[in-house]
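Here are the chains, one letter per residue:
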Amino acid sequence: MEKASSQIWKAATTHRAAGLKVYSIVLPSDGRGLQVRVNDPKAAGPLSQAVAASVGSAMAAADIEYVASNPIHNVSRESPSAPYPGGIPIREGSGFSGWTCTAAFGVRNSSGTEYLLTAEHCYDNGDDIEATDGDNIGEIKAENDLNDAAIFNVNTSSGVWVNDDYVFDVRSGQYSWDGELVCQSGYTSYPNRCQIEVVNEYVQWSDDNGKVRRGVEGHRCAGCPSVAHGDSGGPVWSIRSDGFVAARGIVSAGSLPVEEDLSYEYILWTEVPPVLTALGVSLQTS
């Protein structure tokens, strides 16, 4: 199988000029041969002839099937695909240049409609939301001022980017208490900010929009940035003993500027349990 696959990839290289693209080669579980996934099976004739002449005794040409399929894309936080995990950078989709905020966690309502959480202060009801590639992926459907929370409809999952390399699954949501340590992985803070200690488990504050918010205050160390512009709406979380993520909250604000006002020593987030209650949704945990 390995030899035959190598010959297929080699032959495919010489037939790209004809518009034929090989996306993947699969060994079906029933062991019937190889399945070659291409953009257009009708254009695979020359490739199949070349492969038949090259695989020799490695595999009978009749055991190689050419089927229509879709391109394979590398997936990263900067180029996400459906079902969309939390932690992706998002922006308002009206030609605005730059990344305004981050998405938090996947949720669903009682009817099964799926959404991603983000911060209310980032957008208005009805705003279209774009992903990094410029695709419109949803629209702000509901907001809550006190918990600085909003949801936009999108095919989502239980996953959340915990940094730029890994997606972990969310299995629960919980409050944060004084002395506990949490992380936040808003898009601007690379790769994430961990060892954030809860220093005030109940805080109310007035933000730049003059709206009163309610949540938690955290701090890492003197002069250490805990949150940066663009992290708003992003996930605050902790790792459970079983390796899954406990969703703690949504990044809302910061105080005490560091790094020329680009980041802040103190982070403020709104908590997942009251956010879910206010918006009438539940976490995606599977």
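As the structure is a prediction and not an experimental result, all values here were calculated from the model.

A. Quick peek at the overall build of the chain. Helix and strand content of the chain: three helices and 21 strands. A globule of 286 residues ought to have a C-alpha radius of gyration of about 19 Å, yet the chain, at 24 Å, is considerably larger. Projected onto the principal axes, the alpha-carbon positions of the chain cover approximately 75 × 40 × 40 Å. Expressed as a percentage of its 286 residues, the buried residues of the chain come to 48%. In the chain, the proportion of contacts linking residues at least 24 apart, taken out of those at least 6 apart, comes to 60%. Surface exposure of the chain reaches about 13,300 Å², of which carbon and sulfur atoms provide 47%. Charge-centre separation for the chain: the mean point of 19 positive side chains lies 11 Å from the mean point of 36 negative side chains.

B. Just the pairing of strand S10 (residues 136-144), in detail. Both strand S9 (residues 128-130) and S10 contribute to a ladder of three bridges, which runs antiparallel. Residue pairing in the sheet places Asp128 in a bridge with Glu139 of S10. Counting the residues that bridge the hairpin from S9 to S10 gives five residues, and of these Gly134 lies at a positive phi of roughly 90°. The turn linking S10 back onto strand S11 (residues 149-153) is made up of four residues, and Asp148 within it adopts a positive phi angle of 40°.

C. Quick look at the sheet that holds strand S6 (residues 101-102). Taken together, the eight strands give an open sheet; going across it, the order is S6-S5-S9-S10-S11-S8-S7-S21, and neighbouring strands pair in antiparallel fashion. Pairing within the sheet leaves two strands with one partner each, and these edge strands are S6 and strand S21 (282-283). Here strand S5 (residues 89-92) runs beside S6; their pairing, made up of two bridges, is antiparallel. Bridged to Pro89 within S6 is Thr102.

D. How the structure looks around the pattern of salt bridges. Counted under the stated rule, the structure contains 11 salt bridges. Note that Glu120 is salt-bridged to Arg213, the shortest N-O span being 2.8 Å. Of this pair, Glu120 sits in the loop between strand S8 (114-118) and S9 while Arg213 sits in strand S16 (residues 212-219), and the two are 93 residues apart along the sequence. An identical accessibility class is assigned to Glu120 and Arg213; each is buried. Arg213 is the salt-bridge partner of Asp148, the closest N and O atoms lying 3.7 Å from each other.

E. Inspection of the pairing of strand S1 (residues 22-26) at higher detail. Burial analysis of S1 places four of its five residues in the buried class, which makes it a mostly covered element. As paired elements, S1 and strand S2 (residues 34-38) share four bridges and run antiparallel to each other. What sits directly across from Val22, in S2, is Val38.

F. Expanded view of the sheet that holds strand S3 (residues 64-68). Across the sheet, which stays open at both edges, the three strands sit in the order S1-S2-S3 with mixed pairing between neighbours. Each edge of the open sheet is held by one strand with a lone partner, namely S1 and S3. For this sheet, the mean inter-axis angle between neighbouring strands, taken without regard to orientation, is 25°.

G. Here's a closer look at the nonpolar core. Judged by nonpolar contacts, the single largest core of 38 residues is most densely connected at Ile88, Phe105, Val107, Leu117, Ile137, Phe152 and Leu283. Counting residues per element, the ones that place at least two in this core are S8, S10, S11, strand S12 (156-161), strand S19 (245-258) and helix H3 (272-279). If near-sequence neighbours (up to four positions away) are discounted, Phe152 is found in contact with Ile90, Ala103, Glu114, Tyr115, Leu116, Thr118, Ile129, Ile137, Gly138, Glu139, Ile140 and Lys141. Within the second largest apolar cluster, 15 residues are counted, among which are Ile8, Val36, Leu47 and Val51.

Conventions we followed
- Residues numbered from 1 in each chain as written.
- Predicted model: local features only at pLDDT ≥ 70, side-chain atom pairs only at ≥ 80, totals over all residues.
- Heavy atoms only, no water.
- Helix = DSSP H or I, 4+ residues; strand = E, 2+ residues; numbered from the N terminus.
- Rg over C-alpha atoms; globule rule 2.2 N^0.38 Å.
- Buried < 20%, exposed > 50% of the residue type's maximum accessible area, 1.4 Å probe, protein only.
- Contact = heavy atoms within 4.5 Å.
- Areas by Shrake-Rupley, 256 points an atom, 1.4 Å probe, with all protein chains shown as cover.
- Lys, Arg positive; Asp, Glu negative; His and termini not counted.
- Charge placed at Lys NZ, Arg CZ, Asp CG, Glu CD.
- Pairing = 2+ DSSP bridges.
- Salt bridge = Lys/Arg side-chain N within 4 Å of Asp/Glu carboxyl O.
- Axes fitted to C-alpha atoms, helices over the stretch in contact; angles between N-to-C directions.
- Core = buried A, V, L, I, M, F, W, Y, C linked by side-chain atoms within 4.5 Å.

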